[in-house]
Amino acid sequence: MKITRWQLFWMFTTLEISMSIWLTVSPTIETARQDAWISLLLAGVIGIAVTLILVLVSQRHSAYTLVEFAQKLCGKWVGKLIAALYILVWFSVSADILRIFSLFIKQFLFHDTPIWVIAILMVSAMVYINYAGNIEAIARFSELAGPLLLIGILITFGLNVTNLHPELILPVFADSGAVPILKGSFVNASFLGESMMIMMLTPFIVNSQKMLKPALLAICVPSLVAVLTAIFVVMTFGTNIGSTLIYPYFSMVRFINYLEFIQNMDVWIMFIWIFSVFVKLAIYLFINSYGTAQLLGVKNWRILIGFAAIVIFAISLTPANIIGLLDYAKLVWIIYIFPIFIVGLPILLLFISFLRGRSLAHE
């Protein structure tokens, strides 16, 4: 199982874009108003800094996954605890993504279809690509889905130019100030923190000592797309409406209409978006299965694909009246997972690694 550095770029670019422009733009506009684009730009800077730390700690132990090098750095039991906590995080976030995806498809495409039917179809595809292939198959698929997603987004930006009202983006900075802009950046910065997957994928990357450039570019591209999305949404709907839309980018795409001929672009974009979400969930299923196998000492990680898929599917069926659509992001991901698992623990692991004064890459 080996992937190239640029396959890593497309994997990360695809998975970062898949949810960020769908779910982070509206909360950012609500907080930073017309300066949301500045918040998203700042979020990109934070995302780059975080990814730099994640890549550094991964490169120092490039022959091992997080499950393995955490035990080497912190001892067997503490290392296992850290790895187990990360795996629990990955299970929970993948279940939440599956749930959001299923609700979205039900709302816009299949109104009378039960959510569990939509979810099980996606889970079946995730299981197939992991069992029949592996991370290499997912990487190759992302090389198809990533460019399609970027091209589709750029086309929709171009077609939406006639709907823009530039005055809605003004004034810059005057109405919000530094604090709301900084606060608004945390949402997208935390989503960009999904690059923590790199700690499980490094052993599968060919020439991983040169993966810093593609990894950072995979943060820059989604960040720029998010900035453009915020600008276009604000200039199309204004801040009052833009902050209330659950899926502002998708609403903007549905607004496109040229001479009653070029319209219904949302169907095409949704089709491409499904591919990108599939890449994201397939990667999560891989690291959950592989990580759990390493944690439990199971040699054949494919045995645990079915177990991991069932767990993700079961958690995703949590009733909507218990957990709202974005509650996980607001109440769990941003408050706990981002500062602890994306920033805090990687810095701690890097510090311990430097303290020991040697690399475990080839130990």
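Above this text is the structure in question.
Since the structure is predicted, the reported quantities are computational estimates derived from the model, not experimental observations.

1. With respect to the overall build of the protein chain
- Tallying secondary structure elements over the protein chain gives 14 helices and zero strands in all.
- Listing every helix and strand of the protein chain by position from the N terminus yields α-α-α-α-α-α-α-α-α-α-α-α-α-α.
- By residue count, 55% of the 363 residues in the protein chain fall in the buried class.
- Look at the contacts in the protein chain between residues 6 or more apart in sequence, and 85% of them connect residues 24 or more apart.
- For the protein chain, the separation between the mean place of its 20 positive charges and that of its 15 negative charges on side chains is 16 Å.

2. Re helix α13 (residues 305–316)
- With twelve residues, α13 ought to run about 16 Å at 1.5 Å a step, and its terminal C-alpha atoms sit 16 Å apart, in line with that.
- Within α13, the full set of buried residues consists of Ile-305, Ala-308, Ala-309, Ile-312, Phe-313 and Ser-316. Down the axis of α13, the sector holding all buried residues measures 130°, keeping them to one side.
- Against the buried residues of α13 lie α5 (76–108), α6 (115–132) and α12 (265–296).

3. Brief notes about the nonpolar core
- Among the nonpolar cores identified, the biggest contains 124 residues, and Trp-22 and Met-196 are the most heavily contacted of them.
- The biggest single contributor to this core is α12, with 18 residues.
- Those residues in contact with Met-196 that sit more than four places away from it in its chain are Leu-54, Tyr-86, Val-89, Trp-90, Trp-333, Ile-337, Phe-341 and Ile-342.

4. So, α6
- The end-to-end C-alpha separation of α6 is 26 Å, in line with the 26 Å expected for 18 residues at 1.5 Å each.
- For α6, every residue scored as buried is listed here: Ile-118, Ala-119, Met-122, Val-123, Met-126, Ile-129 and Asn-130. Around the axis of α6, the buried residues are gathered within 130° of arc, so they sit on the same side. Facing away from the buried surface of α6 by more than 90 degrees, the exposed residues are Leu-121, Tyr-128, Tyr-131 and Ala-132.
- Summarising the contacts, the buried residues of α6 are in contact with α5, α7 (135–159), α12 and α13.

5. Section: the environment of Leu-168
- Structurally, Leu-168 can be placed in the loop between α7 and α8 (178–192).
- Separated by 91 residues in the primary sequence, Leu-168 and Trp-77 have C-alpha atoms spaced 55 Å apart.
- Ignoring sequence-local partners within four residues, the contact set of Leu-168 consists of Gln-34, Val-234, Met-235, Phe-237 and Gly-238.

6. Some points on the packing of α6 against α12
- In contact at an axis separation of 9 Å, α6 and α12 are set at 60° when each is read in the N-to-C sense. When the axes of α6 and α12 are compared, the pair comes out oblique. The two elements α6 and α12 cross, and the hand of that crossing is right-handed. For the pair α6 and α12, contact is made by Met-122, Ala-125, Met-126, Val-127, Ile-129 and Asn-130 and by Ile-274, Val-277, Phe-278, Leu-281, Ala-282, Leu-285 and Phe-286, respectively.
- Here the residues of the contact of α6 with α12 are counted per class, giving twelve nonpolar, one polar and no charged.

Reading the values: rules and limits
Residues numbered from 1 in each chain as written. Predicted model: local features only at pLDDT ≥ 70, side-chain atom pairs only at ≥ 80, totals over all residues. Heavy atoms only, no water. Helix = DSSP H or I, 4+ residues; strand = E, 2+ residues; numbered from the N terminus. Buried < 20%, exposed > 50% of the residue type's maximum accessible area, 1.4 Å probe, protein only. Contact = heavy atoms within 4.5 Å. Lys, Arg positive; Asp, Glu negative; His and termini not counted. Charge placed at Lys NZ, Arg CZ, Asp CG, Glu CD. Expected span 1.5 Å × (residues − 1). Arc of directions from axis to C-beta. Core = buried A, V, L, I, M, F, W, Y, C linked by side-chain atoms within 4.5 Å. Axes fitted to C-alpha atoms, helices over the stretch in contact; angles between N-to-C directions. Parallel < 35°, antiparallel > 145°, perpendicular 65-115°, else oblique. Left-handed = near helix turned anticlockwise from the far one by under 90°. Nonpolar A, V, L, I, M, F, W, Y, C, P; charged D, E, K, R; others polar.

In short, the description is geometric, and any link to function would need to be established separately.
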